[in-house]
Amino acid sequence: MKTTEKLDRLRAEMKKRNIDAYVIPTDDFHGSEYVGDYFKCREYISGFTGSAGTLVVTKDSAALWTDGRYFLQAADQLKESTIDLMKMGEKDVPEIPEYISGKLPKRAKVGFDGRTVMEGFAEKLINAADGKSVRLCGDEDLAGIIWEDRPELSKKPVWEVPLEVSGKSRAEKLSRVREKMKEAKADMIVISALEEIAWLLNLRGGDVESTPVFLSYMVIGDQEARLFAAKEIFSAKIRKELAADGIKIMAYTGVERYLKSCSEGKTIWADGSSVNWRLMNCMKKAERIIKKADPVKQMKAVKNEAEREGMIDAHVKDGVAVTRFMYWLKKNVGRVRMTELGAAEKLHEFRAEQEGFLEDSFTTIMGYGPHGAIVHYSATKESDAEIFAKGLLLIDSGGHYINGTTDITRTVVCGELTDEEKRGFTLVLKGHLNLQSAVFKYGCGGEALDILARQPLWDERMDYNHGTGHGVGFILSVHEGPQRIHWNAALNGKTAIEDGMVISDEPGLYIEGKFGVRHENLILCETDVENEFGKFMHFKALTMVPIDKAGIDMSLMSKTDVERLNAYHKQVWNALSPYLEGDEKEWLKEATSPLKKR
């Protein structure tokens, strides 16, 4: 069925219910960034396959909002769909609430599946339509009605993270949550974000590809806690251990009924960014609802000692795998036929050989030449480009290991480069090294640090249309908040970069139709010194993989740039050389040998 036919069917269902506009986000019932197949309604209706986007359909129009990572991809996939592409953050592009308000008459009806629209977004819809008496209808999943072969809800088995890996027991973590509840004078707290529940309970699942979480909700009181999930996903051993910690397992679908029955007169803490509209409406009888970020978000972002040690070890294993892949690529490009999909599979094979490897932490981005300019490019059988002995290959990939998660981008030189390619490669590298080497006062957020990565590009009046850094979860989502590095205060938030936070350092440059460059390491924030001037912080590189020196234009590198790269490469050699042999070790030695500034 074509996209236009799906839109026609959706509008027919809207007409039956007198709905003037219908909103289909990417979210599942928990506000997740990455979702299981059951929840991919926006992808099914629109044909756009990116991980971020919201579709709005009215009686006579349709529009899809997505961010800068997906502008090129969305423009291609929405051709002939009659859906307008709304480039978020660009000039004259309205936000979704303002767009809907402008399209609707007074007393219009806005529909959505209230389980997939978070409370915070619903409030914005109401506020934007102030004076029009807009009615919200979140009781029906219209996209699901027309999706004939919709997959079932996933119910993959749950497994436990060993205490020596997690560093803190679930009892300790629950105790910390209850301390925060007491400070906020909350009787109950509703946890809906899947990564938070998994981290809190030291459990992982398989309900979302590359994100080891399980579909669930938690409601925590001062003495007991209830976990709403499919009972069959837990082994008898795990059920017994949960019960010993005062956690009762209840049916996944029973959370709404439970909240309706127990919320009257209570003060309930519920984060509107991850608690959906339907759930929030189940708490109408509560005396007060505390609508702010729940404490688990910050707790899991600051890695404890065991998690830090695990992340360091996981990055050494990952560094060995990616370095072996780079050697294989350099040795074989131009000699044997290789394509983007084939190269991605080869990289997966190298990772799978590492002890403790679980799965890729996201679908590998393997973009050769012009495909590298598509920020979140995903090769298909139709687009799978052959890789030749010239130009640049952008590789963004990562892995989940039993003791940590990785995310790395390397731009590899496949052969002869143009001056433009070398210039772009070097400017991005300079910014990457600037940020990785930063020393900064405690209290700095991502907005204060972002300019370090962008300055070499801004000096040339160039930029990249995505954030510079995102948090990374511990065997969880590869994108984790609340920390972020972005120049835009509205997008960045107000979170200070804390000791123990892991964040990416990934500036880039994308020349449409030609090439893309991105250099990405994960970096760990640590305390530097505290003196009469205050407390200072620095970053420690976790990623241990060489930067391809063949892409560097030495005329653009300062003495400081060279010293920083040489120091990093020395760390890479020391970390990886004990695990490599023969030609691979010799290649690493050359790849990490010092550059000299003439």
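Provided above is the structure to which this section pertains.
Residues numbered from 1 in each chain as written. Predicted model: local features only at pLDDT ≥ 70, side-chain atom pairs only at ≥ 80, totals over all residues. Heavy atoms only, no water.

*Asks:* For this particular structure, what's the right way to read the side chain of Thr211?
*Replies:* Among the secondary structure elements, Thr211 is positioned in the loop between strand S9 (203–204) and strand S10 (217–220). Residue classification places Thr211 among the buried residues on the basis of a relative accessible area of 4%. Apart from residues no more than four positions distant in its own chain, Thr211 is found in contact with Tyr34, Glu195, Glu359, His400, Leu476 and Ser477. (Helix = DSSP H or I, 4+ residues; strand = E, 2+ residues; numbered from the N terminus. Buried < 20%, exposed > 50% of the residue type's maximum accessible area, 1.4 Å probe, protein only. Contact = heavy atoms within 4.5 Å.)

*Asks:* Honestly, the packing of helix H4 (residues 96–103) against helix H5 (residues 119–128) in this entry has me stumped. Any pointers?
*Replies:* Closest axis-to-axis distance for the H4/H5 pair is 8 Å, and the angle between their directions is 40°. Viewed along their axes, H4 and H5 adopt a mutual orientation that is oblique. Here the hand of the crossing between H4 and H5 comes out right-handed. Across the interface between the two elements, Ile96, Pro97, Glu98, Ile100 and Ser101 from H4 touch Phe121, Lys124, Leu125 and Ala128 from H5. Among the residues forming the contact of H4 with H5, the class breakdown is six nonpolar, one polar and two charged. (Axes fitted to C-alpha atoms, helices over the stretch in contact; angles between N-to-C directions. Parallel < 35°, antiparallel > 145°, perpendicular 65-115°, else oblique. Left-handed = near helix turned anticlockwise from the far one by under 90°. Nonpolar A, V, L, I, M, F, W, Y, C, P; charged D, E, K, R; others polar.)

*Asks:* Before we go on, may I ask you to explain the sheet that holds strand S14 (residues 288–290) in this structure?
*Replies:* Whether parallel or antiparallel, the strands of a sheet pair through hydrogen bonds between backbone atoms. Judged by pairing direction, the sheet is mixed, and its six strands sit side by side in the order S12-S11-S10-S8-S13-S14 without closing on themselves. Edge positions in the sheet fall to strand S12 (247–250) and S14, since each has one partner strand and no second. The sheet shows a mean angle of 20° between the axes of neighbouring strands, direction not considered. Two elements, strand S11 (residues 225–228) and S12, share four bridges in a ladder whose sense is parallel. Across the sheet, Phe228 pairs through a bridge with Met250, a residue of S12. Against the sheet, helix H8 (residues 170–184) engages strand S8 (188–191), S10, S11, S12, strand S13 (267–270) and S14, with an angle of about 60° to S10. Most of the contacts of helix H9 (residues 194–201) go to S10, to which it runs at about 60°, and overall it touches S8, S10, S11 and S12. (Pairing = 2+ DSSP bridges.)

*Asks:* Would you mind showing me how to read the pairing of strand S20 (residues 408–413) here?
*Replies:* For S20, the buried fraction is high: six of the six residues fall into the buried class. Burial of the side chains of S20 extends over both faces: Ile408, Arg410 and Val412 are buried on one face and Thr409, Thr411 and Val413 on the other. In this sheet, S20 lies alongside strand S17 (residues 392–397) in antiparallel orientation, the contact comprising six bridges. The residue bridging Ser397 from the neighbouring strand is Ile408, located in S20.

*Asks:* What's the story with the nonpolar core in this structure? I'm lost.
*Replies:* Most often, soluble globular proteins have nonpolar side chains that are buried together. Counting residues in hydrophobic clusters, the biggest one holds 57 residues, and the most contacted among them are Leu201, Phe214, Met218, Ile220, Leu227, Phe234 and Leu259. Counting residues per element, this core draws most heavily on H9, which supplies six residues. Contacts of Ile220, omitting those with residues within four sequence positions, involve Leu174, Val177, Arg178, Met181, Asp187, Met188, Ile189, Ile191, Leu200 and Ala225. One finds Tyr377, Leu435, Ile552 and Leu588 within the second-largest nonpolar core, a separate group that totals 50 residues. (Core = buried A, V, L, I, M, F, W, Y, C linked by side-chain atoms within 4.5 Å.)

*Asks:* Hey, could you run me through the environment of Gln77 in this one?
*Replies:* Note on placement: Gln77 falls in helix H3 (residues 71–77). Separated by 493 residues in sequence, Gln77 and Lys570 place their C-alpha atoms 44 Å apart.

*Asks:* Hey, could you run me through helix H19 (residues 559–576) in this one?
*Replies:* Residues that lie three or four places apart on an α-helix share one face, since the helix turns once every 3.6 residues. Across its 18 residues, H19 extends 26 Å between first and last C-alpha, which sits within 8% of the 26 Å expected from 1.5 Å per residue. Taken as a whole, H19 has its buried residues at Asp561, Val562, Leu565, Asn566, Tyr568, His569, Val572, Ala575 and Leu576. On its buried side, H19 packs onto helix H14 (305–332), S20, helix H16 (419–436), strand S27 (521–531), strand S28 (534–541) and helix H20 (582–591). (Expected span 1.5 Å × (residues − 1).)

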